[in-house]
Amino acid sequence: MTDTSRRERSPRLAVIGAGPAGLAAALAAARHGLRVTLIDAAPEAGGQFYRQPAAGLGARRPQALHHRRRSWERLRAGLDRQITAGLVTHLRDHHVWCVTGAQRSGFTVHALLGPEQEQPVEVRADAVLLATGGYEKVLPFPGWTLPGVVTAGGAQAMLKGGLVLPGRTAVVAGTGPLLLPVATGLAAAGARVAALVESADPRAVVRRSPALAAQPHKLAEGARYAARLLRHGVRTLVHHAVVEAHGDQRLEAVTVAALDATGRVGPGTRRRIGCDTLAVGHGMLPHTDLAEALGCRLDGAAVHVDDEQRTDVPGVWAAGEATGIGGAELALAEGHIAGRSAAVRLSGREPDPRGWAGAARIRAGLRRFAAAMDDAYAPPAHWAEQVTDDTVVCRCEEVTGGTVRRAVTELGAGDVRTVKLLTRAGMGWCQGRMCGPAVAGLAGCPETAARRPFARPVPLGVLARAGTTEDEQ
Amino acid sequence: MNPLELADARPGPAFTVTFDGRELVALPGQTVAAALWAAGVTSWRTTRGEGRPRGVFCGIGVCFDCLVTVNGRPNQRACLVPVEPGDAIRTQEGTGHDD
């Protein structure tokens, strides 16, 4: 049997997402004999974490804004090798909106091509590995819809990919480990960073020090960012929050306030800081739409996986932020394990976990670290008190805090779904991704899985034709 | 210091696009949003209800706040769509279908 014919008979794995988890998974699976179709929405591999300046910008020093350059170069070289060897097919600009099928019949990945996202493509595979990543959570406050207010990750994505800044003077605010690299990136690129405003209480970080100290290289990374902030003269306000953004047609200033021991805004602590940019974020959320549509079980907000990174749906693996927020290094370990498990199982054998013991050890340590970070960095307990009745909460449908509250107090809504039906909050273009946590918090209801049938808007003509379009490898 | 200097960018030849009829210079590889930010423009949509200005929010294609009309096509995500020479970019009013 020739190499080619053997290859054509070997099973095919569709990896969705070409960030750290998807790249590690695709490379591990290909090295262990699987044919892999790596499907990603971006024009270049890397995901959000390894985002590169657009090729047309001709950056000769891309590492200036780049995280973990060496691990990226290793992944990039590995991907190129596997593409040349014919084991990995990289489909760029493919926006996946749904995955259908089952292990016995095979899976179909439905995608829309290019930035316009109108032309449909279907990709067939014997198994699916979801490496769909995450997106940023932002809780509302008065003025957060003003142009100039962007998510922390959004400011970073525009800077890393487009080499642009939204203004001259920035405040970086919210909570979480992302704020440090965003503030240092903006400062290095020439913005004046007037303040970094972190709502977490440093005492909470100290209380979790054993779990954090077990990952000294992560703490060292934090210390390097802190040193860079000092060098750029950035003032850091801990246990503070931005409580209002001011401006008419665009952002002109923010009000920051100190938080007391209970997480409430302390009286008499408000002060105004002039800025034309606010980069704000309150942590990350996993992208779970594709997993939910396949029927995969969730653990809270994340896709449930076993020790091999298998979901509870046969033939579907998941890795990275989709299975719980934990950062790029954890995503690499999870992707590696998922890719190897898929390769062995699709060849009909039982995997021996000792083969990936190193990655499993890294995964265990980083999951403990992520849990401690998640506890330490929390939005202020009483953030909802800052949301006035006329603050827009659902950005798409322009539903205010008052409308959401009235749905509960006057109309008797007792769950997020009823609030949505009564107010339209979460029914717009973003399908509640931006306002979901805020609506649940304001309504005092637990946040439930959104159960979106599709991961992105799909033209009706494409829906009608789904299942009849041309295949792409 | 600016971001292009920091990354030692040597982009291909700049080209012209229009934003609401005004000429702007854009660089190859930039998205529509990046080209507008570089020209100092931060809003290019007004909301359907209150007519409030919006621009980039999430920057990665999730929030749909940066919708814009490009060459007559409304509802394009400015943070994803690459800018092309000669593009006519227009502020999207409401649904973008009333122009």
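Along each chain, the written sequence defines residue order, and numbers are assigned to residues from 1. Key to labels: chains lettered from A, ligands numbered from 1, both in the order written. Reporting of local features is limited, given that this is a predicted model, to residues whose pLDDT is at least 70; pairs of side-chain atoms are given and counted only at 80 or more, and all residues count toward the totals for whole chains, interfaces and linings. Calculation of side-chain values draws on the structure's entire complement of heavy atoms; hydrogens and water are dropped beforehand.

## Quick word on the overall build of chain A
Part 1 of the argument: Check the secondary structure of chain A and you find 15 helices and 22 strands.
Part 2 of the argument: The C-alpha radius of gyration computed for chain A amounts to 23 Å, which stays within 12% of the reference 23 Å derived for 473 residues, consistent with globular compactness.
Part 3 of the argument: Seen through its C-alpha atoms, chain A measures out along the principal axes to roughly 80 × 50 × 45 Å.
Part 4 of the argument: Per-residue burial over chain A gives 57% buried out of 473 residues.
Part 5 of the argument: Sequence separation of 24 or more characterises 65% of the internal contacts of chain A that already satisfy a separation of 6 or more.
Part 6 of the argument: For accessible areas, the Shrake-Rupley method is used with a probe of radius 1.4 Å. Any residue's cover is judged against the shown protein chains and nothing else. Accessible area of chain A: about 19700 Å², with a carbon and sulfur share of 52%.
Part 7 of the argument: Residues counted as positive are Lys and Arg, residues counted as negative are Asp and Glu, and His and the chain ends are not counted. In plain terms, the charge of a residue is placed at NZ if it is Lys, CZ if Arg, CG if Asp and CD if Glu. Positive and negative side-chain charges of chain A, numbering 56 and 45 respectively, have mean locations separated by a distance of 6 Å. In this description a helix means any DSSP run of H or I spanning at least four residues, a strand means any run of E spanning at least two, and both kinds are numbered starting from the N terminus. The reference for a compact globule is 2.2 Å times residues^0.38; the radius of gyration itself is calculated from the C-alpha atoms. Accessibility here uses a 1.4 Å probe with only protein chains present; expressed as a share of the type maximum, an area under 20% marks a residue as buried, one over 50% as exposed, and anything in between as partly exposed. What makes two residues a contact is simply this: any of their non-hydrogen atoms within 4.5 Å.

## Overview of the packing of aromatic side chains
Residue and element names in this part refer to chain A.
Part 1 of the argument: Here a Phe, Tyr or Trp ring, Trp counted by its six-membered ring, pairs with any other such ring whose centre lies within 6.5 Å, and the pair is stacked when the planes are under 30 degrees apart, edge-to-face when over 60, and tilted otherwise. Per the stated rule, a full pass over the model turns up 5 aromatic pairs over all chains.
Part 2 of the argument: With a centroid separation of 5.1 Å and 75° between ring planes, the pair formed by Phe49 and Tyr50 is classed as edge-to-face.
Part 3 of the argument: Exposure remark for Phe49: the relative accessible area of 26% places this residue in the partly exposed category.
Part 4 of the argument: Every member of this aromatic cluster is reached through a ring pair, and the members are Phe49, Tyr50 and Trp72.
Part 5 of the argument: Charge over a ring is defined by NZ of Lys or CZ of Arg lying within 6 Å of the ring centre and within 35 degrees of the ring normal. A cation over an aromatic ring shows up here: Lys160 above the ring of Phe49, its NZ or CZ 5.9 Å from the ring centre.

## Some details on the environment of Gly263 of chain A
Residue and element names in this part refer to chain A.
Part 1 of the argument: Along the chain, Gly263 falls in the loop between β14 (251-258) and β15 (271-274).
Part 2 of the argument: For the pair Gly263 and Ala381, spaced 118 residues apart in sequence, the C-alpha to C-alpha distance is 5.3 Å.
Part 3 of the argument: Setting aside its immediate chain neighbours within four residues, Gly263 contacts Pro380, Ala381 and His382.

## Points about the pattern of salt bridges
Residues and elements named next belong to chain A.
Part 1 of the argument: Salt bridge, as used here, is a side-chain nitrogen of Lys or Arg placed within 4 Å of a carboxyl oxygen of Asp or Glu. Enumeration over the complete set of coordinates arrives at 26 salt bridges over all chains.
Part 2 of the argument: A salt bridge links Arg264 to Glu385; the shortest N-O distance between them is 2.9 Å. Taken together, the residues Arg264 in the loop between β14 and β15 and Glu385 in the loop between α11 (357-376) and β21 (392-394) connect sequence positions 121 residues apart.
Part 3 of the argument: Look at Arg264 and you get partly exposed, because its relative accessible area is 35%.
Part 4 of the argument: The residue Glu350 makes a salt bridge to Arg345 at a minimum N-O spacing of 3.1 Å.
Part 5 of the argument: One salt-bridge network, held together by shared partners, links Asp306, Glu308, Arg310, Arg345 and Glu350.

## Some words on the sheet that holds strand β7 (residues 88-90) of chain B
All names here are of chain B.
Part 1 of the argument: DSSP calls a pair of strands paired once it identifies at least 2 bridges connecting them. Spatially, the 5 strands line up as an open sheet ordered β2-β1-β7-β5-β6, and their pairing is mixed. Each edge of the open sheet carries a strand with a single partner, namely β2 (22-26) and β6 (73-77). Each neighbouring strand pair of the sheet contributes to a mean axis angle of 40°, computed without reference to strand direction.
Part 2 of the argument: Taken together, the 2 bridges between strand β5 (residues 67-70) and β7 define a ladder with antiparallel strand orientation. Bridge pairing in β7 places Val70 opposite Ile89. The axes are straight lines fitted to the C-alpha atoms, using for helices just the contacting stretch, and the angles between their N-to-C directions are given from 0 to 180°.

## With respect to the pairing of strand β10 (residues 169-174) of chain A
All names here are of chain A.
Part 1 of the argument: Burial within β10 is extensive, with 6 of its 6 residues counted as buried.
Part 2 of the argument: Residues Thr169, Val171 and Ala173 of β10 are buried on one face, and the alternating residues Ala170, Val172 and Gly174, pointing to the opposite face, are buried as well.
Part 3 of the argument: In this sheet, strand β11 (residues 192-198) lies alongside β10 in parallel orientation, the contact comprising 6 bridges. Note on β11: the bridge partner recorded for Thr169 is Arg192.
Part 4 of the argument: Crossover handedness is defined by viewing with both strands directed away from the observer: a clockwise path from the first strand over the helix to the second marks the crossover as right-handed. Remark: the β10/helix α5 (residues 179-188)/β11 crossover connection has right-handed handedness.
Part 5 of the argument: When β10 meets strand β16 (residues 277-281), the two strands line up parallel, connected through 5 bridges. The residue bridging Ala170 from the neighbouring strand is Thr277, located in β16.

## Here's the deal with the interface of chain B and chain A
Part 1 of the argument: Each partner contributes to the interface: chain B provides 47 residues, whereas chain A provides 53 residues.
Part 2 of the argument: A buried area of about 4100 Å², summed over both sides, lies between chain B and chain A, and 61% of it is on carbon and sulfur atoms.
Part 3 of the argument: Here the quantity called buried area is the accessible surface, traced with a 1.4 Å probe, that two parts lose on coming together, added over both. When the buried surface of chain B facing chain A is broken down by residue, Leu6, Trp37 and Phe57 of chain B rank first, second and third, together holding 19% of it.
Part 4 of the argument: One salt bridge in this structure joins Arg52 of chain B and Asp248 of chain A, with 3.9 Å as the shortest N-O distance.
Part 5 of the argument: Whenever two N or O atoms come within 3.5 Å, that pair is a polar contact, provided that in protein one can donate a hydrogen and the other can accept it, and provided that, for residues adjacent in sequence, both atoms are side-chain atoms. Where chain B meets chain A, there are 20 residue pairs in polar contact (both at pLDDT 80 or more).
Part 6 of the argument: For the side of chain B that touches chain A, the secondary structure elements donating two or more residues are α1 (3-6), α2 (32-38), β4 (53-54) and β6 of chain B.

## Points about the side chain of Gln82 of chain A
Part 1 of the argument: Along the chain, Gln82 of chain A falls in helix α3 (residues 69-84).
Part 2 of the argument: In this structure, Gln82 of chain A is in contact with Leu27, Ala30, Arg31, Leu87 and Val88 of chain A, ignoring residues within four places of it in sequence.

## Points about the pairing of strand β3 (residues 88-91) of chain A
Residue and element names in this part refer to chain A.
Part 1 of the argument: Summarising the sheet, strand β2 (residues 35-39) and β3 pair through 4 bridges and their orientation is parallel. Bridged to Val36 within β3 is Val88.
Part 2 of the argument: As for the winding sense of the linkage, the β-α-β connection from β2 through α3 to β3 is right-handed.

## A closer look at the state of the cysteines
Part 1 of the argument: In this description, the term disulfide denotes a pair of cysteine sulfurs within 2.5 Å. Applying the stated criterion across every chain yields a total of 0 disulfides over all chains.
Part 2 of the argument: Here Cys296 of chain A stays free of any disulfide, with the sulfur of Cys98 of chain A as its closest cysteine sulfur at 12 Å.
Part 3 of the argument: Taking the relative accessible area as the measure of exposure, Cys296 of chain A reaches 1% and is therefore buried.
Part 4 of the argument: Cys79 of chain B takes part in no disulfide bond, and the closest cysteine sulfur, belonging to Cys66 of chain B, lies 3.9 Å away.

## What about the side chain of Gln156 of chain A?
Residues and elements named next belong to chain A.
Part 1 of the argument: Among the secondary structure elements, Gln156 is positioned in helix α4 (residues 152-162).
Part 2 of the argument: With relative accessibility at 13%, the residue Gln156 sits in the buried group.
Part 3 of the argument: Once residues lying within four places of it in the same chain are set aside, the contact partners of Gln156 are His67, Leu178, Pro181 and Val182.

## Considering helix α14 (residues 436-443) of chain A
Residues and elements named next belong to chain A.
Part 1 of the argument: Within α14, 7 of the 8 residues are buried, which leaves the element mostly enclosed by the surrounding structure.
Part 2 of the argument: Within α14 the residues assigned to the buried category are Gly436, Pro437, Ala438, Val439, Ala440, Leu442 and Ala443.
Part 3 of the argument: Check the buried side of α14 and you find it contacts β17 (284-286), β21, α12 (401-409) and α13 (416-423).
Part 4 of the argument: Downstream of α14 by one or two residues, Gly444 has phi in the positive range, about 70°.

Read these as geometric descriptors, not functional statements.
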